Every structure is written in C-alpha cells, then in structure tokens.
Amino acid sequence: MSNSNSSQAPGQNKTHTIIVNGRPREVTGNKITYEDVVKLAFPDDASNQDSDYTVAYANPHGKDGTLVAGQDTTVKEGMVFNVTKTNRS
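Quick look at the structure, then. Note that the coordinates shown come from a computational prediction; the quantities given were computed from them, not determined experimentally. (Residues numbered from 1 in each chain as written. Predicted model: local features only at pLDDT ≥ 70, side-chain atom pairs only at ≥ 80, totals over all residues. Heavy atoms only, no water.)

1. What about the sheet that holds strand β4 (residues 51-58)?
Whether parallel or antiparallel, the strands of a sheet pair through hydrogen bonds between backbone atoms.
Thought 1: Judged by pairing direction, the sheet is mixed, and its 5 strands sit side by side in the order β2-β1-β7-β4-β5 without closing on themselves. Of all strands in the sheet, those bounded by a partner on one side alone are β2 (23-28) and β5 (65-67). Direction aside, the axes of adjacent strands within the sheet are offset by 30 degrees on average.
Thought 2: Relative to strand β7 (residues 80-87), β4 runs antiparallel, the two sharing 8 bridges. Paired with T54 across the strands is T84, a residue of β7.
Thought 3: Across the sheet, helix α1 (residues 34-41) touches β1 (15-20), β2, β4, β5 and β7, and the angle it forms with β4 is around 100 degrees. (Pairing = 2+ DSSP bridges. Helix = DSSP H or I, 4+ residues; strand = E, 2+ residues; numbered from the N terminus. Axes fitted to C-alpha atoms, helices over the stretch in contact; angles between N-to-C directions. Contact = heavy atoms within 4.5 Å.)

2. Some words on the pairing of β2
Within a regular strand, side chains alternate between the sheet's two faces.
Thought 1: Bridge count for β1 against β2 is 6 bridges, and the pairing is antiparallel. By the bridge assignment for β2, T15 is matched with T28.
Thought 2: Counting the residues that bridge the hairpin from β1 to β2 gives 2 residues, and of these N21 lies at a positive phi of roughly 50 degrees.

3. Side note on the side chain of H16
Thought 1: Along the chain, H16 turns up in strand β1.
Thought 2: H16 gets classed as buried once you look at its relative accessible area, which sits at 7%.
Thought 3: A polar contact is formed between the side chain of H16 and the backbone oxygen of G29, at a distance of 3.4 Å.
Thought 4: In this structure, H16 is in contact with R25, E26, V27, G29, V75, K76 and E77, ignoring residues within four places of it in sequence. (Buried < 20%, exposed > 50% of the residue type's maximum accessible area, 1.4 Å probe, protein only. Polar contact = N/O pair within 3.5 Å; in protein donor to acceptor, adjacent residues only side chain to side chain.)

4. Brief notes about unusual backbone geometry
Thought 1: The phi angle at N21 is positive, at roughly 50 degrees, despite the residue not being glycine.
Thought 2: Relative to the elements of secondary structure, N21 occurs in the loop between β1 and β2.
Thought 3: You can call N21 partly exposed: its relative accessible area is 28%.

Any link to function would need more than the numbers given here.
Have a look at this one:
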C-alpha cells in the first residue's frame, strides 16, 4: 500500500496545547525550537541583544530538560515550559 502523502508523516500537523510561563499556547507540529518557545513567552521582545533566556521544560510523558539557542525538542500534549529572561552584564 502506497501513501501518496508520504511527505506528511502522521502527527506532523497535529496541534498540541502546551503551557508557557503559566499560559496555555497552541502549537502545530511535533517539534518546537528554543527560539519558538522564547517568542511564545516574550512576544514583544524583538530580538533583544541585551537579554539571555533560560528555557526549562517538564514533559508529563517523558524526560524533563532544558533548551539552548539552536536546539529543539519533541512536543507532547501538556508540556510545561518556563522561560526566564536575564539581562547581560
């Protein structure tokens, strides 16, 4: 049996509800990047060069962890992300 939509693997366009800094957010797809999480947490910070962000996550269906710039993680329903902003000194 051939799948004519092989470029769209199951779950690629699934919407998940995650929690970012205490607020529910809807995301589509099975991966989320550090940069995506920071934008969800601080949408008004337009690439602030004077700030660093720490991203930690809790996955109710797997391992907890952290993300740094350039990394991503698999999204699971109900994941909780905490993003903290600090000023560079």
